[in-house]
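Chain by chain, the residues run as shown.
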Amino acid sequence: MIRRTLRMHRGAAAAALALVTGAAWAQRTAEEARLRQEGLRHDKTMVEMMRQGGPIEFAPPLLGLELTPADVIDIEHFADAGVWSAWLSNGVRVLVRPMPERPNAVEATVLLAGGELLEPATQRGLSQGAARLMQRPETMTIDHAELLRVLTPRLVRLSFGARRDAISIRLRGEVRELVTGLELIHALLTEPGFAPDALDEWRQVESARLRRQRSVPGNLLTTLTWEVIAGSNRSPLWPARAEDIEAIEATTAREWVLAHGCHAPMCIAITGDIDAATAFSLASDYLGALPARPRIGPESLRDYRGHVAPEAALHHEMDMASQEETLAAAVGWFGADGDCPDTARRLQVITMALRLQLDAAFPRERAFATAAQFFPSAELERAGLVLAAGLFARESGEQLMTEFLGAIEGMIDDGVDRAAFDRARLTMAESAARSSLEMSHWCERMAEAAYRGLSINEIVSASDLFDALTFEECQEALRRLRAHGRPVRVVIRGHRE
């Protein structure tokens with residue numbers, strides 16, 4: 001059992017609310033009396049956050065940490081989305097969406113701003129190594145085997161990931177184990193273990209995968225397209241290569257975990273069978289006990305972002321040895337203003353419509369893969385549209401490539417087919433409607449909203465927003481992209497070894 005105290009300053013704020021873990025208030029007058037005795041404020045906001053029903057019986061703590069929680073301040077309610085928002089006094093953002101229709105279940109997403117965005121060119125892949133290290137969890141005082149032994153019976157699981165501008169943690173399980181998950185997250189971020197062998201197998205497997213990827217034209221296409229758009233300066237948009245992964249050491253990966261856990265702007269989104277008051281309180285107990293940090297938002301790490309604004313066409317062609325005679329190509333535009341959410345939605349629908357047309361133009365027997373890539377992504381501030389496809393060339397590779405490039409350019413020159421547009425819009429609206437019923441969707445979208453400065457209420461209205469798009473305004477978004485963006489063309493020819 002770990003006994004540890006992490007001291008931190010608790011800022012005094014007149015509007016701060018202190019909430020009690022697992023509390024359920026059946027009698028408002030009794031709760032008001034208790035809160036008055038403790039010198040805390042109780043108002044309509046607190047009443048609205050109260051759990052309807054009995055209290056949650058949380059599982060006993062797994063590690064027994066002794067922590068000093070933060071204050072819960074700046075509470076907001078986004079009624080249309082059913083989302084509660086608050087800040088902890090140490091700078092962590094907390095978003096909660098109660099979903100009692102998912103009984104006994106809970107999910108949470110934590111984003112730590114930074115990740116690959118902060119990696120030096122000489123240590124690309126460091127965020128992936130850090131995520132892998134946490135995927136085999138241990139602390140400085142409890143090794144992986146023992147932690148796994150005590151964690152396995154608990155109905156909660158954690159997963160970790162490296163994004164281009166964040167390290168993410170995903171928590172899923174029974175609501176009674178939320179304490180377990182948050183406690184473990186706190187321990188892994190503040191005292192991660194050091195196991196040099198934890199990365200050995202992953203380094204071998206991942207570096208081998210990356211080498212194989214660069215030997216197949218269709219697999220290399222996405223990576224090469226990113227590299228062409230990012231330029232030759234090895235910006236954070238460049239994917240890690242095999243040699244980068246092989247150079248990662250457990251000591252630097254552990255330091256990367258600590259740097260994010262103790263300093264990175266941070267948010268957590270929680271949803272499931274839990275009320276906002278209880279969720280805020282638990283977040284305060286465990287994430288509020290982390291060291292203070294800047295508040296997360298769209299301005300976080302802005303100075304570190306690679307502002308890709310090319311002045312010339314982005315063209316690249318290459319030949320490579322391959323097991324088959326194959327061709328792969330990406331064609332599109334990049335560099336228009338991507339800050340407007342309406343522009344993003346319009347280009348998403350246009351991209352899907354063009355992909356449908358592309359699939360119809362090249363039957364599966366002639367193409368080994370077709371795909372559409374859409375920019376901006378969460379990491380880019382510029383917008384664009386790139387269609388990518390790989391063709392099984394056999395004996396007529398150059399002819400197929402000419403047909404393929406001509407088909408894409410012709411589709412865009414002639415305008416998107418209205419029937420394909422209607423189908424794409426309907427598909428995206430239906431997908432957004434289905435997603436609005438999923439806990440995972442809400443966790444991801446709320447966390448992204450906290451980080452990117454997106455509208456919380458738009459999460460619930462995404463289906464209507466897609467459904468309201470018109471053919472004409474989406475066509476105009478494509479015309480503006482072509483007028484103000486730079487053309488992208490990446491062609492890879494694979495020749496039989």
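Since we're looking at a predicted model, the values are computed, not measured.

Caption draft 1: Expanded view of the overall build of the chain. Counting its regular elements, the chain contains 16 helices and 14 strands. Within the chain, the proportion of its 497 residues that are buried is 55%. Sequence separation of 24 or more characterises 83% of the internal contacts of the chain that already satisfy a separation of 6 or more. Surface exposure of the chain reaches about 21600 Å², of which carbon and sulfur atoms provide 50%.

Caption draft 2: Local environment of the pattern of salt bridges. Counted under the stated rule, the structure contains 20 salt bridges. A salt bridge links Arg-211 to Glu-246; its shortest N-O distance comes to 2.6 Å. Taken as a pair, Arg-211 in helix H6 (residues 200–213) and Glu-246 in helix H8 (residues 242–246) lie far apart in primary sequence, 35 residues in all. Classification of Glu-246 as partly exposed rests on a relative accessible area of 39%. Each of Glu-107, Arg-163, Asp-165, Arg-170, Arg-172, Glu-444, Glu-448 and Arg-452 takes part in one network of salt bridges that share partners.

Caption draft 3: Summary view of the pairing of strand S4 (residues 83–88). Taken across its six residues, S4 has six buried, putting it largely inside the fold. The alternating pattern of S4 places Val-83, Ser-85 and Trp-87 and Trp-84, Ala-86 and Leu-88 on opposite faces, both of which are buried. Relative to S4, strand S3 (residues 72–78) is paired through five bridges, and the arrangement is antiparallel. Pairing of Val-72 across the sheet is with Leu-88, part of S4. Where S3 folds back onto S4 in an antiparallel hairpin, the turn is made up of four residues, including Gly-82, whose phi is positive at roughly 70°. Pairing geometry for S4 and strand S5 (residues 93–98), over four bridges, is antiparallel. From the neighbouring strand, Trp-87 faces S5, where its bridge partner is Arg-93. Linking S4 to S5, which pair antiparallel, is a turn of four residues; within it Gly-91 sits at a positive phi near 100°.

Parameters and conventions
Residues numbered from 1 in each chain as written. Predicted model: local features only at pLDDT ≥ 70, side-chain atom pairs only at ≥ 80, totals over all residues. Heavy atoms only, no water. Helix = DSSP H or I, 4+ residues; strand = E, 2+ residues; numbered from the N terminus. Buried < 20%, exposed > 50% of the residue type's maximum accessible area, 1.4 Å probe, protein only. Contact = heavy atoms within 4.5 Å. Areas by Shrake-Rupley, 256 points an atom, 1.4 Å probe, with all protein chains shown as cover. Salt bridge = Lys/Arg side-chain N within 4 Å of Asp/Glu carboxyl O. Pairing = 2+ DSSP bridges.

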